[in-house]
Amino acid sequence: MYQTLLTNRYLLSRVIPLIAIAAVGLCVALVIVVVSVMTGFLDMVQSAGKTLMGDVIVTYGVSGIPHYEILVDKLEENPEVTAATPIVDGWGLLRMPYPDTRAKQSETVQVWGIDPVSFTKVTGFNDSLHWKSPSKQQLDWLLFDAVSANASALLETMSEEKQQLLIDTVEGAGSTMNYQFTDLWSAMQEQLSDEQWNLINAYDERLQHPEKLLGQGLALTRSGKAGIVAGLHVSDGNERQQDGSYSVVRNDYWWLPRYEGTLTMLPIASDGGLIEPESIIMPFTNEFQSGVFLIDSSRIFVPIETAQQLLHLDAAELVDVDDPTIIVGIDPARATSVLMRGAQGVTAEELQQIAVKIYDEFRESLRGTTNVLPPSRSDPSLSIHTWREQQKSFTGPVEKERELMRTLFSIIYLVVAALILSIFWAIVFEKTRDIGILRSLGASRAGIVWIFLRYGGIIGVLGSLLGLLLGWLVTKNINEIHSAMGSPPIAIAIVAFIISLASLWVAVVRGRRGEILPIVVGLLSVITFGGIGGLVLFVRQQGGIVIWDASVYYFSIIPNNVDWPSASATLIGAVLFCLLGAVIPAAKAADTDPVKALRHE
Amino acid sequence: MNSTPLLQGINLHKTYHLGKTKVPVLHGATLDIQQGDWVTVLGSSGCGKSTLLHLLGGLDRPDQHGGEVLFQGESVWDKSNKEINVYRNKNIGFVFQFYHLLPELSVFENVLLPAMIGGRKTNTDGARERAILLLTRFGLDHRMLHRPRELSGGELQRVAIARALVNEPEVLLADEPTGNLDESTGDEILDVLQGLHQDGLTIVMVTHEQQIANRGTKMIHLRNGVV
């Protein structure tokens, strides 16, 4: 009972324990924020991976799985499987439409040939499409392209005066639209007849039906031609803004769905040798954003048939080795992977078992009916992996990084223990006489130990709770804090300078009385707040600082959910290390000779 | 005559060790304190008066084979640590020259502290009432919620006496209780002790002043560590 009274009084009557609580709180908050962000980051990576590839993926390297349609059907017959979809995965070179010169830029891209309908069911591809409908500016560019492409047909039916007006309008728009919005649409409406509008609309159906943009992306076709949906970061034309949104450079000039690209892929023969590269010019139909920068900067989607053709994985006739004119069978089209999504409540691991069973049945069912059997499961190139296993090479390092951070930041516990140890050492020294008094009044050694352990425990608990609150506040608002760092409010600088000047004034006034402490504290305050104000102005002048760079961390938003299991472990750790820091001084206090303690000054 | 003294020091030896140097303080001090005595121990500074008090009060241990302290006929230092703590808490009340109050606690809390240390339920077993009674008796009822730093020297020593008495000890051990006070305030404190003695309390008080020692009913001279 007396321990409670003394602990409370010691806590409330001194500044040291309050400083200790604040220090423990800051340490705990730091660990909570760092581990929460890292855990959130890992979760985002994993969940993005799952969204992009379904729950389980059957892969057979570059050769591909023949008769994959049968496998897909068999999988979809199973009630535990919601949907399955084949993909053809390969690498290629994409020639971009920019720059304006003849030498165009090329990007190395991971090409996924997909069946958009079933692919959407497995991965939510439709939600990742970035452009839902064109903006007014983008529509003007589409109109500009359509008018330019049909110029001769349009001019034919016009009077000379109107011809010149059209030419002037389109040329003028072309040269200024890069920098400002000219509303070409209104000008064209005045100048073109209904018949001419029909001609234009027939050229690009997005002009009359802007919503078709999304549909074209979903179907991977534009004007009847197979098209490309590219990752948002594949194109250098898309620039990420500070608020996380995207704008297209040069006033939407390099908006990809205006253009076509040339895709070149390297087919590989069944014996592993290279075959002549295949190229195809395809229109861009849309762009997608998965949220994972690595994927958004390198992956493109094309119709599966196109990818099969480019990689020579489409169906082909098998001919007699001695007489090539004799057709001995058909080599079926192949898919390099089959992705699937499980029904509600089915885990990826359960689905993996189901997929293994179905794959075996699928292979067995084809025995005797075809001379091209799918690979057996003993083939090392065939894998049936869960999304987690498939992503391991990507998520593994992130996981390791998190553990490294957790370990490094756990050193903070030692800082906490050392801090408490030094504070308690000082407190025990200061309280030596009190210890003697208590012993003379009959207090036991255990009773003395308990006073200081309790003291350390309370500092640990209060510090941890403060740290939890602080960590939670910072984590929850981390994106807002990051935005504010990108563009710190000028008010912060003003307030900081006012405090700085006030501190200077106090330091001067109190300093005149000959006191040293107010001068030291005042000058420190002047430097600190003056520094904050100066830093804010500097950052503003530099155009803000971006710590969380999406191109490095894959995501444009910083994870802001507190990792409660880690936070709880941090709290318990902080309290334990506070007790650890207090136990040695407490034992020292208990062993103090009461007679000597009573003489302590 | 009482057959068994309340408190006895038998052939007490105590040597302090200052590094490698041995400083002998008591060389076989023996004394009997009967129930109701007010024993004053007179001696010059450094003669071992305080040490004798500490040994009697169970605060310090005699040298090995350095004599015995008997309380009601039982050896104090044969007790377990826990029992010695209880002995200090229940049977002995210490009053020090420099008061030794805890600065973070109020006057009332300081007085109640031994009761709390003894594990008494202060709300129900009358300790609070006794603390209030003692403070009122010593004219400190208006100072109960004050902190020690707000009190004068005489008031502080009266609070220290009240604290020593809250557990109703058998013996009050006072170590130069007036040594830090002016003469008139010292007299006030001695009057308080006299009142307590008249109520039947056994007191052992050490002092270096003959005049103060004269206030006791029994005087012991301590010279060169021997009574």
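The notes below deal with the structure included here. (Residues numbered from 1 in each chain as written. Chains lettered and ligands numbered in written order. Predicted model: local features only at pLDDT ≥ 70, side-chain atom pairs only at ≥ 80, totals over all residues. Heavy atoms only, no water.)

### Side note on the side chain of serine 525 of chain A
Rules: Numbering of helices and strands runs from the N terminus, with a helix taken as a DSSP run of H or I at least four residues long and a strand as a DSSP run of E at least two residues long. Two residues form a contact once any of their heavy atoms are found within 4.5 Å.
With respect to the helices, strands and loops of the structure, serine 525 of chain A is situated in helix 23 (residues 517-541). Ignoring sequence-local partners within four residues, the contact set of serine 525 of chain A consists of Ile499, Ser503 and Gly530 of chain A.

### Examining the nonpolar core
In plain terms, the rule: Buried residues of nine kinds, namely Ala, Val, Leu, Ile, Met, Phe, Trp, Tyr and Cys, make up a nonpolar core once their side-chain atoms join them within 4.5 Å. Categorising residues by exposure relies on relative accessible area from a 1.4 Å probe, with only protein chains included: less than 20% of the type maximum marks a residue as buried, more than 50% marks it as exposed, and the intermediate range marks it as partly exposed.
Of all hydrophobic cores here, the largest spans 115 residues; its most connected members are Leu438 and Phe452 of chain A. Residues in contact with leucine 438 of chain A, not counting those within four places in the same chain, are Tyr2, Leu6, Ala443, Ile448 and Ile451 of chain A together with Leu102, Leu113 and Ile117 of chain B.

### Looking at the environment of arginine 250 of chain A
All names here are of chain A. For clarity, the threshold we go by: Residues adjacent in sequence count toward polar contacts only when both atoms are side-chain atoms; beyond that, a polar contact is any pair of N or O atoms within 3.5 Å, and within protein one must be able to donate a hydrogen and the other to accept it.
Relative to the elements of secondary structure, arginine 250 occurs in helix 13 (residues 249-252). For arginine 250, a relative accessible area of 31% translates into the label partly exposed. The spacing of arginine 250 and glutamine 180 is 70 residues in sequence and 9.0 Å in space, taken between C-alpha atoms. When near neighbours in sequence (up to four residues on either side) are disregarded, arginine 250 contacts Asp100, Met177 and Asn178. A polar atom in the side chain of arginine 250 sits 3.4 Å from the side chain of aspartate 100.

### A closer look at the packing of aromatic side chains
Rule in force here: Ring pairs shown here join Phe, Tyr and Trp side chains whose ring centres sit within 6.5 Å, with only the six-membered ring taken for Trp; geometry is labelled stacked below 30 degrees between planes, edge-to-face above 60, and tilted in between. Charge-over-ring placement is defined geometrically: NZ (Lys) or CZ (Arg) within 6 Å of the ring centre, and within 35 degrees of the ring normal.
Applying the stated criterion to the full structure yields 18 aromatic pairs over all chains. Plain terms: the ring middles of tryptophan 141 of chain A and phenylalanine 144 of chain A are 5.7 Å apart, the flat faces sit at 85° to each other, and that makes the pair edge-to-face. Residue tryptophan 141 of chain A and its partner phenylalanine 144 of chain A are located together in helix 6 (residues 136-149), separated by three residues, close to a single helical turn. Both residues of the pair, tryptophan 141 of chain A and phenylalanine 144 of chain A, count as buried. A centroid spacing of 5.3 Å and a plane angle of 70° characterise the contact between phenylalanine 71 of chain B and tyrosine 87 of chain B, whose relative ring orientation is edge-to-face. In this pair, phenylalanine 71 of chain B sits in strand 4 (residues 68-71) while tyrosine 87 of chain B sits in helix 2 (residues 81-91), placing the two residues 16 residues apart along the sequence. The lysine or arginine in question, arginine 250 of chain A, covers the ring of tyrosine 253 of chain A, its NZ or CZ lying 4.0 Å from the ring centre. A cation over an aromatic ring shows up here: arginine 299 of chain A above the ring of tryptophan 112 of chain A, its NZ or CZ 3.8 Å from the ring centre.

### Focus: the interface of chain B and chain A
For the record, the criterion: Reported buried area values correspond to the accessible surface (1.4 Å probe) lost by two parts on association, with both partners' losses combined. Counted as salt bridges are all cases of a side-chain nitrogen of Lys or Arg within 4 Å of a carboxyl oxygen of Asp or Glu.
Each side of the interface is counted separately: chain B has 25 residues, and chain A has 23 residues. Surface buried jointly by chain B and chain A totals about 2,200 Å² across both partners, of which 64% is contributed by carbon and sulfur atoms. A per-residue breakdown of the area chain B buries against chain A is headed by His100, Glu104 and Ile117 of chain B, which together make up 28% of the total. Run the count over chain B and chain A and you get three salt bridges.

### Concerning unusual backbone geometry
Residues tyrosine 98 of chain A and proline 99 of chain A are joined by a peptide bond in cis, for which omega reads -5°. Summarising the element assignment, proline 99 of chain A is placed in the loop between strand 3 (81-95) and strand 4 (106-114). In this structure, aspartate 252 of chain A is a non-glycine residue whose phi angle is positive, near 75°. Along the polypeptide, aspartate 252 of chain A turns up in helix 13. Here the phi dihedral of histidine 100 of chain B falls at roughly 55°; this positive angle occurs in a residue that is not glycine. Residue position: histidine 100 of chain B is located in the loop between strand 6 (92-95) and helix 3 (107-117).

### Quick notes on the pairing of strand 1 (residues 7-18) of chain B
Residues and elements named next belong to chain B. Formally: A strand pair is defined by DSSP finding two or more bridges across the two strands.
Relative to strand 2 (residues 21-33), strand 1 runs antiparallel, the two sharing ten bridges. Paired with glycine 9 across the strands is leucine 31, a residue of strand 2. Connecting strand 1 to the antiparallel partner strand 2 that follows it, the hairpin turn spans two residues, and glycine 19 within it adopts a positive phi of roughly 65°. Where strand 1 meets strand 4, four bridges bridge the pair, whose relative direction is antiparallel. Residue pairing for strand 4: glycine 9 is matched across the bridge by valine 69.

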